[in-house]
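Coordinates in review
So the chains spell out like this:
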Amino acid sequence: MTPPESIAELATQPLDDVDEQVLGMLREMFDQYDPPPADLAESVGIALTLSAMDAELAELQQQSTLAVRSSAEPLATDSITFTSSSLNLMVQITVDEDDGSLRIDGWVTGGGVRIDVLQGSSTSSATSDAHGRLTWERLPRRPLRFLMHPVLANERVVITPVIDIPSTGGQLSSDPSIDDS
Amino acid sequence: MATMTEQRATSATNQPTGPQSMVDEASDHFAAFQSGELQRMTPLVELLNPVLWHIARSCGLDQQSAQDVVQCAWVRLVEKSDQIQNPRTVVAWLGTTARREAWRVRKNQRRTDPRANEEIPTSDGGIGDPADDVVFAEDQRLLWTHFRELSPRCQQLLRVICQGGPADYADLSSALNMPIGSIGPTRGRCLAALRTALLNDPDWSTS
């Protein structure tokens, strides 16, 4: 039996084995039920890299109804437009019905602009053609953002907010909380 | 923090064979980073991400927002690294930054989502109820039951300090703006309350 000490008294005493055990079990419980995401360290690394590059955060200009259609129709979404001081980008994201992968058709203001699609720690690059067009195919179905490399050396790289990709159906959405610069 | 060495000494006597404390390890990495070993940021991130994650989650953020908050705290640290004069304060500094950012994000979310309109959120951050899990061990279920009866602030404190060792409690609790153990690692009211509840539960066994 524990002696009938008050909580206030107990609070001022040094930790003992029971405390260690209780805290150890709490840690185990939270590690099991709410662990940090597996790609948290990677995403921090990317955030630090972007910060070191002094990237400009593009604004989400237009986000009309972005439901990913799940019928047998072409799974087109409406377009998303990002604007920045140097570059504008419009994208359409399409889900392949067979394998669930993403196709992205993009139009950027200018040819020869390299744009990376960042998903976790993976990067898929494309460079716009003379009409400013770019395409990415067979991307995994997971949240993504775009990193634009301006053609002129004196312009800053531009990063867009993250676009959420629902695992099935639902709405694509941009996460406003990313805008903390 | 004048009491830091004293706390470490106390901890060292309690745990003679214990590993280096989280604060010690973080301090080593960060001091090296500050002196130009930039690659030391990687092990520092790995070491402290779980703590920052649980700070953000215990402020009631969803997983995506918590991830953003953790990223933000690291970016701020690198931006301000030359202003942090004592590398031993890096854990408290990062934790405080993550907590403040988490509350800022949550405040914004409250403005747009009336369901989130509560002064102090539940600290589980929506992990669900482990008691529903059939494989949840009996003692874990009891622990969860009593943990949930603590005040939200106590839940937050215990959730975060259990990520470190006794020598780290002072820094972790000060990051949460709930300083405990100014002289050596004492258990504090929250842990005293949980411990008392468990020891008074006839089904609890301290095996």
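Before reading on, note that the structure itself is shown above.
Since this is a predicted model, take the numbers as computed values, not measurements.

**Observations concerning the interface of chain A and chain B**
Taken residue by residue, the interface counts 42 residues in chain A and 60 residues in chain B. Interface of chain A and chain B: buried area, both sides summed, is about 4,500 Å²; carbon and sulfur atoms make up 63% of it. Together, A:Phe30, A:Tyr33 and A:Asp34 form the three largest contributors to the area buried by chain A at its contact with chain B, with a combined 15%. Of the charged contacts in the structure, one is a salt bridge between A:Asp34 and B:Arg159, with a shortest N-O distance of 2.4 Å. Our count for the contact surface shared by chain A and chain B stands at 17 residue pairs in polar contact (both at pLDDT 80 or more). Only helix 1 (7-11), helix 2 (17-33) and helix 3 (40-52) of chain A provide two or more residues apiece to the side of chain A that touches chain B. Of all the elements, helix 2 of chain A adds the most residues to the side of chain A that touches chain B, at 15 residues. Of the residues contributing to the side of chain A that touches chain B, the split by class is 23 nonpolar, eight polar and 11 charged.

**Examining the sheet that holds strand 7 (residues 122-127) of chain A**
Residue and element names in this part refer to chain A. In spatial order, the strands read 1-10-9-6-7; together these five strands make up an open sheet with mixed pairing. The open sheet has two free edges, formed respectively by strand 1 (56-57) and strand 7, since each of these has just one partner strand. Two strands pair when backbone bridges link them, and strand 1 and strand 10 (residues 158-159) are joined in this way by two bridges, in the parallel orientation. Within strand 10, the position partnered with Leu57 by the bridge is Ile159.

**Structural notes on the pattern of salt bridges**
By the definition in use, this model includes 18 salt bridges over all chains. Between A:Asp16 and B:Arg195 there is a salt bridge, with the nearest N and O atoms lying 2.7 Å from each other. On the criterion of chain membership, the pair formed by A:Asp16 in the loop between helix 1 and helix 2 and B:Arg195 in helix 9 (residues 188-199) is interchain, its members lying in two chains. Ionic pairing is found between B:Arg104 and B:Glu101, a salt bridge with its closest N-O pair at 2.8 Å. Of this pair, B:Arg104 and B:Glu101 both sit in helix 5 (residues 90-112), separated by three residues, roughly a single helical turn. Connected through salt bridges with shared partners, the residues A:Asp16, A:Asp19, B:Arg187 and B:Arg195 form a single ionic network.

Rules of the game
- Residues numbered from 1 in each chain as written.
- Chains lettered and ligands numbered in written order.
- Predicted model: local features only at pLDDT ≥ 70, side-chain atom pairs only at ≥ 80, totals over all residues.
- Heavy atoms only, no water.
- Contact = heavy atoms within 4.5 Å.
- Buried area = accessible area lost by both parts, 1.4 Å probe.
- Salt bridge = Lys/Arg side-chain N within 4 Å of Asp/Glu carboxyl O.
- Polar contact = N/O pair within 3.5 Å; in protein donor to acceptor, adjacent residues only side chain to side chain.
- Helix = DSSP H or I, 4+ residues; strand = E, 2+ residues; numbered from the N terminus.
- Nonpolar A, V, L, I, M, F, W, Y, C, P; charged D, E, K, R; others polar.
- Pairing = 2+ DSSP bridges.

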